[in-house]
Amino acid sequence: MGGSLYSSPVKRGRWRDADTHRDGWGVQTPTALPPDAPSVRYAATSPVTLRSTGEEISRRAVLTSASALALSACGPRDAQSQSVPADLPPLKTVAPFRVGACVQALHLDDPALSALLARQVGQLTPEWEMKMEYIVQPDGSFRFDAPDRIAAFARAHGMALLGHTLVWYAQSPPAFERLDESRIGFADAYRNYIHAVAGRYRGQAVGWDVVNEAVAEDGAGWRDSLWAQRLGAFDHIALAYRTAREADPQATLLLNDYNLEYMPKKRATFLKLAERLLASGAPLTGLGTQMHVAADIAPGKITTMIRELASLGLPIHVSELDVSLTRADNKLLSRGELQRRQTAVYAEAAEAFMALPPRQRFAFTLWGLRDRDSWLKKENASDAPAPFDDAGRPKAGAAALVEAFRA
Ligand code: XIL
């Protein structure tokens, strides 16, 4: 059995004395950051120097767009016309860091997909079966069959496992909402959950998205959530990192969010939160940028975002990259033009990541290898956001990744 909110190994109330942290546990922090929020540099690493200057990166991005344009000008303007070498090497064999993909347990029943995963990537992120929605049952017990299956597949294929995600504002299971607090306090149940999940994969998980999407949608302050209401807007976040570190002394503990390339304000709040966690002594050791982007994103935005995130000196995870055709704002662009831009966006993302110092390249994860498996298909069946087509053949986006990764 996998334990429960009521019975996992946390010693009741232990955090109250032994883990007292400098921010003063229990003090409710406002959701908006104070104007004088500390601005610290991550002390454990030396100041970052990027391999390329911003100017060089954007010039390369423009050149890539130009070469994609030249390719698309050679034939009918659709993705298939963008040439993809027949002998394209697997992504994981050319990249000097881990390339990953998300996966669901049911994908492992599809031999074509599991073969494609094993050939192309060296790291797996469970797409949803390591979230509370799957693990926490109504009676507070835990269920680990699907995530264990994914973890076993990763082990069998020599792949790393990325834990996703321990705490997410979007999920507050009924077992937490209706917790029997005569049996266990809310904070102890929260810590029990983190101990049980992160502890189960200790030694295998290379990293955890400890808190997912902590910053408010508009970038002003932090999300409201059950966790924030019960444990404090800042304190529940800091407590999650401290508890994850107890459960797994080795894994990189990441803060993961989205729209960081589109919204400078949200990015600034994200970085301030990271700095504040570090200043409080919380063991934040990596930053994740989801990168659910659209094909018409302005060139340079991704490069700027990755460079700014890297300024704290922490390892960076491109954690959920996909490039939607149908989410593009510009409805005047033809599908062929969107496909061409999609290729350029994959190229820019890969080049910006390659420009990081090697020690800051945590991993580069695709949120779906094949178009047909993408979560965005549920939103719009005509989307095709992945680097491989429905049949698992590499699209021009995969070729752009390979080209950038082996540069
Ligand atoms: C999505 C999955 O892809 C879907 O299958 C699931 O139903 C909902 O979540 N940001 C995240 C991911 O951090 O966990 C989300 O994944 C996509 C957005």
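Located above this text is the structure these notes cover.
Residue numbers run consecutively from 1 along every chain, following the written order of its sequence. Where local features are concerned, this predicted model is filtered to residues with pLDDT of at least 70; where side-chain atom pairs are given and counted, the filter is 80 or more; whole-chain, interface and lining totals use all residues.

**Topic: the overall build of the protein**
Going by this rule: Elements are defined by DSSP. Helices are runs of H or I of four residues or more, strands are runs of E of two residues or more, and each kind is numbered from the N terminus. Any residue with 12 or fewer other C-beta atoms within 10 Å of its own C-beta is exposed, any with 20 or more is buried, and the rest are partly exposed; the C-beta atoms used are placed from the backbone. Whether two residues are in contact depends on their C-beta atoms, placed from the backbone: they are in contact if these lie within 7 Å.
Scanning the protein from N- to C-terminus turns up 15 helices and nine strands. The buried share of the protein, reckoned over its 407 residues, is 52%. In the protein, the proportion of contacts linking residues at least 24 apart, taken out of those at least 6 apart, comes to 80%.

**Considering the packing of helix H8 (residues 186–200) against helix H10 (residues 235–247)**
So the rule is basically this: Helix axes use the C-alpha atoms of the stretch in contact, all axes being lines fitted to C-alpha atoms, and the angles between their N-to-C directions lie in the range 0 to 180 degrees. Each angle receives one of four descriptions, namely roughly parallel if under 35 degrees, roughly antiparallel if over 145, roughly perpendicular if within 65 to 115, and oblique otherwise. A crossing counts as left-handed when the near helix is turned anticlockwise from the far one by less than a right angle, and as right-handed when that turn is clockwise. Residues are grouped as follows: Ala, Val, Leu, Ile, Met, Phe, Trp, Tyr, Cys and Pro are nonpolar; Asp, Glu, Lys and Arg are charged; every other residue, Gly included, is polar.
One way to put it is that H8 packs onto H10 with a least axis distance of 8 Å and a crossing angle of 40 degrees. As summarised for this structure, H8 and H10 are arranged oblique, according to the angle between their axes. When you trace H8 past H10, the crossing you get is right-handed. Residues Arg191, Ile194, His195, Ala198 and Gly199 of H8 lie in contact with H10, whose contacting residues are Ala240, Thr243, Ala244, Glu246 and Ala247. Partitioning the contact of H8 with H10 into residue classes produces five nonpolar, three polar and two charged.

**With respect to the site of the ligand**
Convention followed: Here is the check we use: build the C-beta atom from the backbone, and if it is within 6 Å of the molecule or strand, call the residue near.
Taken together, Glu127, Trp128, Asn212, Tyr258, Gln290, Glu320 and Trp375 make up the full set of residues near the ligand. For the shell around the ligand, the class distribution of residues is three nonpolar, two polar and two charged.

**Quick look at the packing of helix H13 (residues 335–354) against helix H15 (residues 396–405)**
Running from N to C, H13 and H15 cross one another at 20 degrees; their axes reach a closest spacing of 8 Å. Taken as axis vectors, H13 and H15 run roughly parallel relative to one another. Crossing of H13 over H15 shows right-handed handedness. Residue-level inspection shows Gln342, Thr343, Tyr346, Ala347, Ala350, Glu351 and Met354 of H13 in contact with H15, the latter providing Ala396, Gly397, Ala400, Leu401, Ala404 and Phe405.

**Quick look at the pairing of strand S4 (residues 205–212)**
Rules: Pairing between strands is defined by DSSP: at least two bridges between the two strands are required.
Of all eight residues in S4, eight are buried; the element is thus mostly enclosed. Note: strand S3 (residues 160–168) against S4, six bridges, orientation parallel. Looking across to S4, one finds that Trp168 is bridged to Asn212. Across five bridges, the pairing between S4 and strand S5 (residues 252–257) is parallel. What sits directly across from Val211, in S5, is Leu255.

**Focus: the nonpolar core**
Counted only if it meets this: We call a set of buried Ala, Val, Leu, Ile, Met, Phe, Trp, Tyr and Cys residues a nonpolar core when their C-beta atoms link them within 7 Å.
Among the nonpolar cores identified, the biggest contains 117 residues, and Val210, Ala240, Ala244, Ala349 and Ala350 are the most heavily contacted of them. When residues of this core are assigned to their parent elements, the largest contribution, ten residues, is made by H13. Beyond its immediate sequence surroundings of up to four residues, Ala240 is in contact with Leu166, Val167, Ile194, Val210 and Val211.

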